[in-house]
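# Per-entry structural report
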Amino acid sequence: MLSTALPCPELPPAPAAVVRTAGSDDVEAVRRLSRPFVREGALRDRTAAELALAATDFLVVEAGREDLAGCVGLRARTDARGGPAAVLYNFCVAPGHQGRGIGSALLDAALGEAGARGATRVFTATTGSGLLFLRYGFTPGGDEEAPPVWRASLDPARGSRILVRALG
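Residues numbered from 1 in each chain as written. Predicted model: local features only at pLDDT ≥ 70, side-chain atom pairs only at ≥ 80, totals over all residues. Heavy atoms only, no water.

## Thoughts on the pattern of salt bridges
Rules: We define a salt bridge as a contact between a side-chain nitrogen of Lys or Arg and a carboxyl oxygen of Asp or Glu at a distance within 4 Å. Only runs of H or I of at least four residues qualify as helices and only runs of E of at least two qualify as strands under DSSP, and these elements are numbered from the N terminus. Relative accessibility thresholds used throughout: buried, under 20% of the residue-type maximum; exposed, over 50%; partly exposed, between the two (1.4 Å probe, protein chains only).
Counted by the stated rule, this structure contains 8 salt bridges. The salt bridge involving glutamate 62 is made with arginine 20; its shortest N-O contact spans 2.7 Å. With a gap of 42 residues between them, glutamate 62 in strand S2 (residues 58-62) and arginine 20 in strand S1 (residues 19-21) connect regions that are remote in the sequence. Glutamate 62 gets classed as partly exposed once you look at its relative accessible area, which sits at 47%. Given a relative accessible area of 28%, arginine 20 falls into the partly exposed group.

If you want it as structure tokens, here you go:
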């Protein structure tokens, strides 16, 4: 049978997500991006002052002049065994940007940065499925090995699961 369909023109490739370290100018944009996830219970509410103190913990992807497509906090910690570790927190991608590689770009950058800082393991906590983390080699558990200060800050009422990934 002969096809009469016309060939589809090739679509231009999607632009690569550019991940950068946040600065103090990004605090309000991180709050706006995080707010819907806080309302649904996926993220812990952080004040503008808390975010300002931790501004350079964040890696961000811009969506426009004043908006962010995604963000993740990365903080160096010491795990329960005294080893160098890192914690990922406040990881979110704006609903209109999900499924476009923003989360993967952020996670790639965060894992690279954690390794560059000497972390041998990376921990995170999630109230969701954690599928992206699992695809990146994170495994459930690690509660006993997680950085004690960070673990103590988790609210048991939120039902977060700890995930861990070895680096290197």
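## Looking at the sheet that holds strand S5 (residues 121-126)
Rules: Only strands that DSSP links by at least two bridges are regarded as paired with each other. Throughout, a residue-residue contact means that at least one pair of heavy atoms, one from each residue, lies within 4.5 Å. To define axes, lines are fitted to C-alpha atoms, for helices over the stretch in contact only, and angles between the resulting N-to-C directions are given on a 0 to 180 degree scale.
With mixed pairing, the 7 strands of this open sheet are ordered in space as S1-S2-S3-S4-S5-S7-S6. Two strands close off the open sheet at either side, each with one partner strand: S1 and strand S6 (139-140). Contacts between helix H1 (residues 27-39) and the sheet are confined to S2, strand S3 (68-78) and strand S4 (84-93), with S3 contributing the most and set at about 95 degrees to the helix.

## What about the side chain of threonine 124?
Note the cut-off: By the criterion applied in these results, polar contacts are pairs of N or O atoms within 3.5 Å in which, for protein atoms, one can donate a hydrogen and the other can accept it, and in which residues neighboring in sequence qualify only through two side-chain atoms.
Residue position: threonine 124 is located in strand S5. From its side chain, threonine 124 meets the backbone oxygen of leucine 88 in a polar contact 3.1 Å long. Excluding residues that lie within four positions of it along the chain, threonine 124 makes contacts with Leu88, Phe133, Phe138, Trp150, Arg161, Ile162 and Leu163.

## Focus on helix H3 (residues 102-116)
To be explicit about the condition: Take the residue count of a helix, subtract one, and multiply by 1.5 Å to get its expected span.
Its 15 residues give H3 an end-to-end C-alpha distance of 21 Å, which sits within 8% of 21 Å, the value for a rise of 1.5 Å per residue. All of the buried residues in H3 are Ile102, Gly103, Ala105, Leu106, Leu107, Ala110, Leu111 and Ala114.

## Quick look at H1
Going by this rule: Two axes enter the bend calculation: one fitted to the seven residues ending at the residue in question, the other to the seven starting there, and the bend is the angle between them.
Compared with the 18 Å implied by 1.5 Å per residue over 13 residues, the 18 Å span of H1 between its first and last C-alpha is a close match. Of all bends in H1, the biggest is about 30 degrees, found at leucine 33, and the proline proline 36 comes one to four residues later. Those residues of H1 lying buried are Val27, Ala29, Val30, Leu33, Ser34 and Phe37. Contact partners of the buried residues in H1: helix H2 (48-53), S2, S3 and S4. Downstream of H1 by one or two residues, glycine 41 has phi in the positive range, about 85 degrees.

## Points about the environment of threonine 127
By secondary structure assignment, the location of threonine 127 is in the loop between S5 and helix H4 (131-135). Separated by 85 residues in the primary sequence, threonine 127 and alanine 42 place their C-alpha atoms 5.8 Å from one another. Residue contacts for threonine 127: discarding those within four places in its chain leaves Gly41, Ala42, Arg158 and Ser160.

## Focus on the pairing of S2
Within S2, 4 of the 5 residues are buried, which leaves the element mostly enclosed by the surrounding structure. With 3 bridges joining them, S1 and S2 adopt antiparallel strand pairing. Within S2, the position partnered with threonine 21 by the bridge is leucine 59. Judged from the 5 bridges that link them, S2 and S3 form a sheet pairing that is antiparallel.

## Let's talk about the pairing of strand S7 (residues 161-166)
Strand direction decides the pairing type here: S5 and S7, joined by 6 bridges, are antiparallel. Counted as the bridge partner of alanine 125 is isoleucine 162 from S7. Pairing between S6 and S7: 2 bridges, direction antiparallel. Paired with threonine 139 across the strands is valine 164, a residue of S7.

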